[in-house]
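Structural overview for review
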Amino acid sequence: MHDVLVLNGPNLNLLGTRQPEVYGATTLGMIEDRCTKHGASVGLNVSHLQSNHEGVLIDAIHAARGVQDGLIVNAGALTHTSIALMDAFASVELPVVEVHLSNIHAREAFRHSSYIAPVALGQICGFGAQGYIFALDALAAHLTPGSGA
Ligand code: DQA
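I will try to describe carefully the structure that is included in this document. Since the structure is predicted, the reported quantities are computational estimates derived from the model, not experimental observations.

Cut-offs applied
- Residues numbered from 1 in each chain as written.
- Predicted model: local features only at pLDDT ≥ 70, side-chain atom pairs only at ≥ 80, totals over all residues.
- Heavy atoms only, no water.
- Near = heavy atom within 4 Å.
- Polar contact = N/O pair within 3.5 Å; in protein donor to acceptor, adjacent residues only side chain to side chain.
- Areas by Shrake-Rupley, 256 points an atom, 1.4 Å probe, with all protein chains shown as cover.
- Nonpolar A, V, L, I, M, F, W, Y, C, P; charged D, E, K, R; others polar.
- Helix = DSSP H or I, 4+ residues; strand = E, 2+ residues; numbered from the N terminus.
- Buried < 20%, exposed > 50% of the residue type's maximum accessible area, 1.4 Å probe, protein only.
- Expected span 1.5 Å × (residues − 1).
- Arc of directions from axis to C-beta.

What follows covers the site of the ligand. The environment of the ligand is made up of Arg18, Tyr23, Asn74, Gly76, Ala77, His80, His100, Leu101, Ser102, Ile104 and Arg111. Residue His80 places a side-chain N or O atom 2.7 Å away from an oxygen atom belonging to the ligand. One of the side-chain N or O atoms of Ser102 is found 2.6 Å from an oxygen atom in the ligand. Across the complex, the protein chains shield 99% of the 320 Å² of accessible surface that the ligand would expose by itself. Taken together, the residues that form the shell around the ligand break down as four nonpolar, five polar and two charged.

Below is the structure:
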């Protein structure tokens, strides 16, 4: 088993009621449950953290070094603004998969750029809650090449 931390940033605690026409009706709790179950089926021990505070997310990324084998992150709006988050990911040298529920490239111009993307293995966006499952599969395949995960 590999250990993976799923990080969710600002406002994602409101999933389910927050602009469901954009982000869907699935709550963050439901996403976390699905990730935990799916993760176990592809050899990942998944834990979760959501915070509305940039510094809490940065502390969690630092704490992941030497503890976690990979990270999945939906940094919410911090994606488009936070050099500090980018630096934190670069500093811990863990594989990171970036997730967004919505297709950020099909939305306002300010959402098209990501400070996470340059330090991530890749970005998954536009597939709603299913994107987190795709991210787990991507991380499982990266951590165990040839596993077919
Ligand atoms: C988001 C996209 C961001 O632009 C936005 O600020 C969010 C959610 C997404 O999952 O689609 O909070 O990261």
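This paragraph deals with unusual backbone geometry. If you check the backbone angles, Gln19 has positive phi at about 35° while not being a glycine. Structurally, Gln19 can be placed in the loop between strand E1 (2–8) and helix H1 (20–23). Taking the relative accessible area as the measure of exposure, Gln19 reaches 37% and is therefore partly exposed. Of note, the phi angle at Glu93 is positive, near 55°, even though the residue is not glycine. Inspection of the secondary structure puts Glu93 in the loop between helix H4 (83–92) and strand E4 (96–100). When its relative accessible area of 65% is taken as the criterion, Glu93 is described as exposed.

Next up on the list: helix H2 (residues 28–41). Taking 1.5 Å as the rise per residue, H2 with 14 residues should run 20 Å; its terminal C-alpha atoms sit 20 Å apart, in good agreement. When we look at burial in H2, the residues that qualify are Leu28, Ile31, Glu32, Cys35 and Gly39. In a view along the axis of H2, the buried residues occupy a sector of 100°, so they form one face of it. Facing away from the buried side of H2 by more than 90 degrees, the exposed set consists of Lys37 and Ser41. One or two residues past the end of H2 sits Gly43, with phi positive at roughly 85°.

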